[in-house]
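Below, each chain spelled out in residue letters.
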Amino acid sequence: MTTTTTTTKDLNVAVIVKLEPDFSEGNVSYNADGTLNRAETKSILGPHSAIASSAAFYAKVKYGARVAVGTMGPPIAESALQQAQLLCDADELHLYSDRIFAGADTLATAEVLGAGISKVEGGKVDIVFSGHRASDGETGQTGPQTAWKLGYTFLGNVVDYSVDLQNRLLRARRLISLQGFYDIIEEVEAPLPVFISIDPSYKAFFNTVSQRLALEKYQKEAKLRAENYKQFLKVLNTQQLGIDPKLVGLPGSPTIVYKVERIPKAKASRKAEVVDGTNRDQIAKVVSNMYEVLGGMVIK
Amino acid sequence: MTSKYQHLYVVIEHDDGVPVPVSLEMLGEARRLMDGFNKKYSSDEKVVAVVLGHNVHKLCEELIYYGADYVIYADSPELRSRRNIIDTKVISQIARNRELAAKFSNASEFVKPRYMFFGADSIGRHLSSTVLAELESGLASDINKLVVEDLELKHEHKTKGQAIKYEKTLEMYRPDFSGFLWTTILCLDNRNPANEREYHPQACSIIPGVFAPIERDSSRRGEIVDYIPKFDEHDLRVRVLDRKIVKSAVDFDSHKAIVSFGKGVKDSPEQNIKLVAELAKEIEAEVGISLPISKKPFSVSEGTNSTYMIPDRVIGTSGRKVAPLLYIAAGISGAMQHIAGMKESGFIVAINPDENSPIKDECDIFIKGRMEDVIPILVEELRKQRPAIEVKKK
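Residues numbered from 1 in each chain as written. Chains lettered and ligands numbered in written order. Predicted model: local features only at pLDDT ≥ 70, side-chain atom pairs only at ≥ 80, totals over all residues.

### A word on the overall build of chain A
Secondary structure assignment for chain A yields 7 helices and 13 strands. Projected onto its principal axes, the C-alpha positions of chain A cover 75 × 45 × 40 Å. Split into buried and exposed, the 300 residues of chain A put 49% on the buried side. Considering only contacts in chain A between residues 6 or more positions apart, those separated by 24 or more positions represent 74%. (Helix = DSSP H or I, 4+ residues; strand = E, 2+ residues; numbered from the N terminus. Buried ≥ 20, exposed ≤ 12 C-beta atoms within 10 Å, placed from the backbone. Contact = placed C-beta atoms within 7 Å.)

Shown next as structure tokens:
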């Protein structure tokens with residue numbers, strides 16, 4: 001149905017990333033009530049954002065794509081952009097930052113990210129990458145909602161992809177897991193532009209000599225750029241993004257967090273016999289129990 | 001009494017007419033919730049299943065036996081496999097369709113459904129996101145408890161600090177990553193005079209394996225309402241070239257025993273994971289993990305990573321449900337989500353230094369101690385006793 005026949009072989013890609021608490025052991029800190037201690041836990045580029053950045057870097061190495069990275073957040077979130085630039089040798093970094101964005105749920109966040117991406121390269125982004133989900137919010141909703149706001153084809157759980165520049169087509173393999181059922185590997189084809197959320201199992205492969213050479217070149221460039229990331233950074237507020245303030249932040253968020261509580265302990269379902277882990281005789285008894293069970297004897 | 005927002009729409013997932021388990025689970029919970037609703041408020045609001053597919057009329061009948069009052073069935077060859085764009089369009093059309101709603105009750109005021117459910121799996125997570133972006137309302141993900149309640153609320157923005165009563169509000173509970181905290185999400189209309197805005201449906205995606213389906217009852221009566229979906233070429237721009245069902249390399253079902261590990265490996269993850277593997281080998285067990293482990297919170301070598309710390313091995317509501325003869329939980333504290341995945345096991349042994357951890361109430365033997373100390377003794381004893389048992393078998 002598209003009537004515009006672009007002869008260009010250029011490829012523009014964008015990545016949306018998030019600055020997240022570092023949940024890795026040793027870095028994360030919790031309050032006594034089990035909630036995250038945000039003050040003590042440092043923030044990093046989220047692990048899924050990092051994978052999305054790698055997927056964009058693949059487009060750079062393989063197709064010479066121009067790469068832009070965007071994030072919504074307070075000024076400190078520019079460190080996520082810097083870390084992403086190191087991974088994907090970004091040509092542009094965009095921070096969407098405005099006090100009124102605070103408190104946004106996924107819909108209000110998508111409003112900002114969508115507006116931001118439409119500002120990149122005059123709205124001519126061919127592929128947008130997002131991570132699978134953020135490790136703090138964990139909803140996995142922001143990517144697809146941004147895609148819908150942009151009017152882009154959304155492809156989720158993408159494990160690898162290739163681009164047919166001539167015909168402006170993207171081919172992707174998706175891993176669909178229907179829990180309690182089975183998994184499906186699906187191969188799809190869609191005309192550009194597309195929005196991809198990258199599956200955690202994504203890995204880039206660079207097989208040819210020319211790709212490896214390009215990889216090295218861009219990796220070197222990325223390092224230099226990330227050291228001077230401010231040169232590539234643009235900060236955009238509500239007005240510059242041209243967004244209706246009623247659609248962002250708290251006013252634009254349909255949902256609220258009503259309460260947070262400890263999940264009450266369930267009633268004990270079994271009565272455990274407690275065994276001392278250093279007592280060899282007791283453990284010997286446990287082992288003979290285990291062998292009995294495995295011999296197929298019915299318990300209880 | 002009629003209203004702009006009515007009914008609970010449940011978006012059904014199926015593979016060529018076979019319902020994905022979460023679909024029947026959602027219907028079960030929808031039935032329980034709306035039975036309560038019908039008693040408390042009004043009997044006019046229904047459980048409405050929404051089905052997209054081709055030649056799956058039989059499935060629609062089944063959904064009635066599993067709790068649906070009505071089934072809206074959009075049939076087209078183009079709807080045979082799941083594609084986000086066209087599915088989003090068709091579901092949104094259905095959600096906004098007053099003529100359809102008029103089949104269930106007085107719909108003179110109908111605008112959109114009151115509530116909407118989706119499955120929180122690879123398909124439903126993204127589909128719910130795009131549908132709610134299209135319907136411009138709120139969505140909570142990964143829910144495992146639901147309550148309908150009248151709430152009096154004060155909120156900085158929603159009510160501009162005034163106490164306002166929100167009737168028939170869906171409280172959507174989601175467990176956080178640790179499995180020990182519950183966050184309740186509400187989707188609320190803005191009643192702030194500065195920015196009034198209505199947000200319906202109140203929607204969520206539901207974790208597979210949490211809710212029980214109701215018992216199939218073929219005497220249940222309901223009605224199937226056909227809907228002819230509208231779409232154009234542009235909505236069909238994604239082509240599915242190939243589709244393969246893959247079996248995971250992880251095989252819980254054919255093993256008599258499963259050894260799982262959790263965050264208790266943290267003191268020396270690399271070493272401890274090796275111990276777990278050794279124990280598993282000794283009793284020919286498959287290796288499982290708890291949910292936090294799949295998020296790779298430790299630094300371990302790539303080899304260890306790729307073998308064990310993968311989502312396929314997660315046991316619990318976010319992963320697989322298992323019921324082996326013997327289940328050994330090493331360094332697993334016993335978050336509700338994990339327990340739900342293993343509580344049907346025959347004999348459960350837990351290894352944990354903390355007698356206060358919830359796993360103690362869910363096991364038959366609680367070996368108090370750190371896994372690095374206990375597993376070597378276990379393995380040694382297993383080796384010592386093995387021949388005698390084999391003789392006994394004959």
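Back to the text.
### Structural notes on the nonpolar core
In terms of nonpolar packing, the biggest core is built from 146 residues, with Val15 and Ile196 of chain A together with Val10, Val48, Val50 and Val51 of chain B touching the most fellow members. The element that contributes the greatest number of residues to this core is helix H1 (residues 47-63) of chain A, accounting for 9 residues. Setting aside its immediate chain neighbours within four residues, Val50 of chain B contacts Tyr9, Val10, Val11, Ile12, Ile72, Ile91 and Ile94 of chain B. (Core = buried A, V, L, I, M, F, W, Y, C linked by C-beta atoms within 7 Å.)

### Structural notes on the interface of chain A and chain B
Contact with chain A, which involves 76 residues of that partner, is made by 90 residues of chain B. Put simply, the parts of the chain that give the side of chain A that touches chain B at least two residues each are helix H3 (106-117), helix H4 (142-150), strand S7 (153-164), strand S8 (169-178), strand S9 (182-191), strand S12 (255-262), strand S13 (273-276) and helix H7 (280-294) of chain A. In the side of chain A that touches chain B, the residues fall into 38 nonpolar, 21 polar and 17 charged. Pairing of S12 of chain A with strand S10 (residues 181-187) of chain B involves 7 bridges; the strand directions are antiparallel. Its bridge partner lying in S10 of chain B, Glu261 of chain A is registered against Trp182 of chain B. (Nonpolar A, V, L, I, M, F, W, Y, C, P; charged D, E, K, R; others polar. Pairing = 2+ DSSP bridges.)

### Examining the sheet that holds strand S12 (residues 223-227) of chain B
All names here are of chain B. Here we have 7 strands laid out as an open sheet, ordered S7-S11-S6-S1-S4-S5-S12, and parallel in their pairing. If you trace the sheet from one side to the other, it starts and ends with strand S7 (139-143) and S12, each paired once. The average undirected angle you get between the axes of adjacent strands in this sheet is 25 degrees. Contacts from helix H1 (residues 21-40) reach strand S1 (5-11), strand S4 (47-53), strand S6 (112-119) and strand S11 (202-206), with the element oriented near 155 degrees to S1. (Axes fitted to C-alpha atoms, helices over the stretch in contact; angles between N-to-C directions.)

### As for the environment of Val47 of chain B
Residue and element names in this part refer to chain B. Note on placement: Val47 falls in strand S4. For Val47, a count of 31 C-beta atoms within 10 Å puts it in the buried group. Taking the C-alpha atoms as reference points, Val47 and Val71, separated by 24 residues in sequence, lie 8.6 Å from one another. Ignoring any residue separated from it by four or fewer positions in sequence, one finds Val47 in contact with Leu8, Val10, Leu27, Ala30, Arg31, Met34, Gly67, Ala68 and Asp69.

### A look at unusual backbone geometry
For the bond running from Leu192 of chain A to Pro193 of chain A, omega is 0 degrees, close enough to zero to count as cis. In this structure, Pro193 of chain A sits in the loop between S9 and strand S10 (194-198). Its identity is not glycine, yet His7 of chain B carries a phi of approximately 75 degrees, on the positive side. Even without being glycine, Lys160 of chain B reaches a positive phi, approximately 50 degrees. Among the secondary structure elements, Lys160 of chain B is positioned in the loop between strand S8 (145-154) and strand S9 (163-175). Note on Lys160 of chain B: 15 C-beta atoms within 10 Å, which makes it partly exposed.

### What to know about the sheet that holds S9 of chain B
Strand order across the open sheet formed by 4 strands is S12(A)-S10(B)-S9(B)-S8(B), with antiparallel pairing between neighbours. The strands lining the two open edges of the sheet, one partner per strand, are S12 of chain A together with S8 of chain B. Strand-to-strand twist across the sheet, computed as the mean angle between neighbouring axes with direction ignored, equals 35 degrees.

### Observations concerning the pairing of strand S6 (residues 127-130) of chain A
All names here are of chain A. Of the two faces of S6, the one holding Ile127 and Phe129 and the one holding Val128 and Ser130 are both buried throughout. Relative to S6, strand S1 (residues 12-16) runs parallel, the two sharing 4 bridges. Of the residues in S6, the one forming a bridge with Ile16 is Ser130. Two elements, S6 and S10, share 4 bridges in a ladder whose sense is parallel. Directly across from Phe129, in S10, lies its bridge partner Ile196.

### Some thoughts on the domain arrangement of chain B
Residues and elements named next belong to chain B. Under the domain assignment, chain B is made up of domain 1 (5-236) and domain 2 (257-393). Computed from C-alpha coordinates alone, the two centres of domain 1 and domain 2 are separated by 38 Å. Counting residues at the interface gives 9 residues for domain 1 and 10 residues for domain 2. Of the residues that constitute the side of domain 1 that touches domain 2, the class distribution is 5 nonpolar, 4 polar and no charged. (Domains from an automatic or database assignment.)

### What to know about H1 of chain A
Residues spaced three or four apart along an α-helix point in a common direction, a consequence of the helix completing one turn every 3.6 residues. All names here are of chain A. Taking 1.5 Å as the rise per residue, H1 with 17 residues should run 24 Å; its terminal C-alpha atoms sit 24 Å apart, in good agreement. By the criterion of burial, H1 is predominantly enclosed, with 14 of the 17 residues buried. Phi for Gly64, located one or two positions after H1, is positive at around 65 degrees. (Expected span 1.5 Å × (residues − 1).)

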